[in-house]
Structure formats: structure tokens, C-alpha cells
Amino acid sequence: MPPACGVHPQDPSLLDFGKHKGRSYEYVYSHEPGYCRWAGWQKKGQPALKRFAAYCKEKDVLAGKPPPPVKAPLPPASDATKVTFGKHKGKTFREVWAHDQAYCRWARREPEPGVELQQLIQYCLAKEAGGLLPPLPVKTKARAKAKAKAPQHVDTVLQLDALAAALQMLSVSKAAPAKAAPPPSYLCPVCDELMTKPMLCSEGHSLCALCWTKWLARKPQCPMCRKAVSAASLVRNRALETLIDDYRTAQQIC
């Protein structure tokens, strides 16, 4: 049975990044062949990843294993492209974009996305750049069936409660006008809130100043396009900050 964290005294080389951080090269090579193949496919990456890929390649040569097949480049993503991994496996990119924006935001925050996840990230970024907002979720057959099975008196009670609450609000004051949803460009891609002191990188992407600080402490790259970024290269996006301040004032947001 391997020691804790996969640290082998025979091999002092340890991974200092990613999900196998703290484990030895030998342990990951022996127990995670899929991760080794993924490392060999990465054309761009930090020096530590390249050293680990070179180690795996040398071990394969000594063991007489054939080199891993070259992974063909993925075609450009479209609405009909299907997800081949995770909880949305089998769904199209369009369905994921339309019904699970939280998943799209999570994908952009992943520090080391795989090739397929990168394809989904690029698709979502293209949708946002074009100003294409997702439609409202459509009721699924399962939800409609569950609602049909629910006792009718339960729906009646809920409707009466909702009506009583609406009448109470009308008796106290006039209904306040609905607040308009903020434009996507006003929201920080990391915290998903209205940006505070937005800072702009050289690639044209803006984040909250605090979100930039936290992100760059983990990974010195832009969370949107994965290109290298340093804190010194960031500039204050005063034009966007003025627009957001005007929006806050109009919507009476503190």
C-alpha cells in the first residue's frame, strides 16, 4: 500500500502543482496513467508540468511502452457540440450555456482546465462577447410530471398564500418597479458581482481589484484567456467604473 500523499523515499521528485500536488512522480506515473497522458498532450504549460511530462516519457521508453497517440485538435465549438465529460455529459454546449450559467462561471475559474473544458470556456466567452444572453429555463417533462402528481389542495394553499402576501404588499405601499438586470459586462467573471474598482489587463479583460489580487496569488494568468498577467501590468478601468457607478445610482444600489 503506498504511503500517505504518494510520497516515495526512492523518488525525491514531487509535484508542486495541480490536483496531485505533494505526490511523487513515481506514484502519479504508476497510479494515474490518464493524468500522465494528459501531461504529455499539453503543448503549453508551466516548467514543472513539462518536467513531469518528460519524466513520464522517459519512463515509457525504459519500459518499452509505445508513445501516447497524438490527440487530434478539437473542431471549433458550435451550439450543437456535445459535452463529453462531467455532470452535463451528452448535453449540447447551447443547453449548458442556456440552463447552467453557474457551471460556465465555474469552468472559467478552473486553474488547469482540460482540452474539452477549454473548448466549452471559449464557447461561453464567445457568447458573452456577442451579448447573447441565455433564455429562461424551460420546464422539463420530469418537473411537469411531478407537478401533475402533487395534491391539488397543496397548489390551492400555495396560491392563497401568495395572494394574501400580494394583497398585504399593496395595502402597505405601491409596488416598487422591478430593477433591471445589470449588463453582463458590469459583472466580475470571478465573484459574479458588480465590479468594484475594476482593473483591466493587457488582454482587455476586467475584474474587481480584489479578485485580481486573489486570483494572481494562485495563478499569474488571466482567468478569461489564460494568458500570463502580472499585477504591475493592470490598469484602472475608469470608463467601466463610471458606467457601473451610474448604474448603482440609477438602481439605488449601495
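Check the entry above for the structure.
The structure presented is a predicted model; accordingly, all values stated were derived computationally and were not measured. (Residues numbered from 1 in each chain as written. Predicted model: local features only at pLDDT ≥ 70, side-chain atom pairs only at ≥ 80, totals over all residues. Heavy atoms only, no water.)

> Help me get a handle on the packing of helix 2 (residues 33-41) against helix 3 (residues 47-63), residues and values and all.
Axis angle and axis distance: for two packed helices, these are the angle between their axes and the distance between the axes, and together they describe the pair. Relative to each other, helix 2 and helix 3 sit at 115°, their axes nearing to 9 Å. Here helix 2 and helix 3 pass one another in a crossing that is left-handed. Where helix 2 approaches helix 3, its residues Tyr35, Cys36, Trp38, Ala39 and Gly40 are matched on the opposing element by Leu49, Phe52, Ala53 and Cys56. Class assignment of the residues belonging to the contact of helix 2 with helix 3 gives a composition of 8 nonpolar, 1 polar and no charged. (Axes fitted to C-alpha atoms, helices over the stretch in contact; angles between N-to-C directions. Helix = DSSP H or I, 4+ residues; strand = E, 2+ residues; numbered from the N terminus. Left-handed = near helix turned anticlockwise from the far one by under 90°. Contact = heavy atoms within 4.5 Å. Nonpolar A, V, L, I, M, F, W, Y, C, P; charged D, E, K, R; others polar.)

> Could you give an account of the nonpolar core, with specific residues and numbers?
Membership of the largest hydrophobic core comes to 33 residues, with the highest contact counts inside it found for Cys188, Trp212, Val229 and Leu234. Going through the elements one at a time, helix 4 (93-99), helix 5 (101-109), helix 6 (115-129), strand 2 (206-208), helix 9 (209-218) and helix 10 (238-251) are the ones with two or more residues in this core. Of all the elements, helix 6 adds the most residues to this core, at 6 residues. Beyond its immediate sequence surroundings of up to four residues, Val229 is in contact with Cys201, Trp212, Leu216, Pro220, Gln221, Cys222 and Leu234. Ranked by size, the runner-up nonpolar core spans 15 residues in total, among them Phe17, Tyr35, Ala48 and Cys56. (Core = buried A, V, L, I, M, F, W, Y, C linked by side-chain atoms within 4.5 Å. Buried < 20%, exposed > 50% of the residue type's maximum accessible area, 1.4 Å probe, protein only.)

> Can you break down the side chain of Ser206 residue by residue, with the values?
Mapped onto the fold, Ser206 is located in strand 2. A distance of 2.9 Å separates the side chain of Ser206 from the side chain of Asn237, its partner in a polar contact. Apart from the residues within four sequence positions on either side, Ser206 is in contact with Pro189, Met195, Met199, Leu200, Trp212, Asn237 and Leu240. (Polar contact = N/O pair within 3.5 Å; in protein donor to acceptor, adjacent residues only side chain to side chain.)

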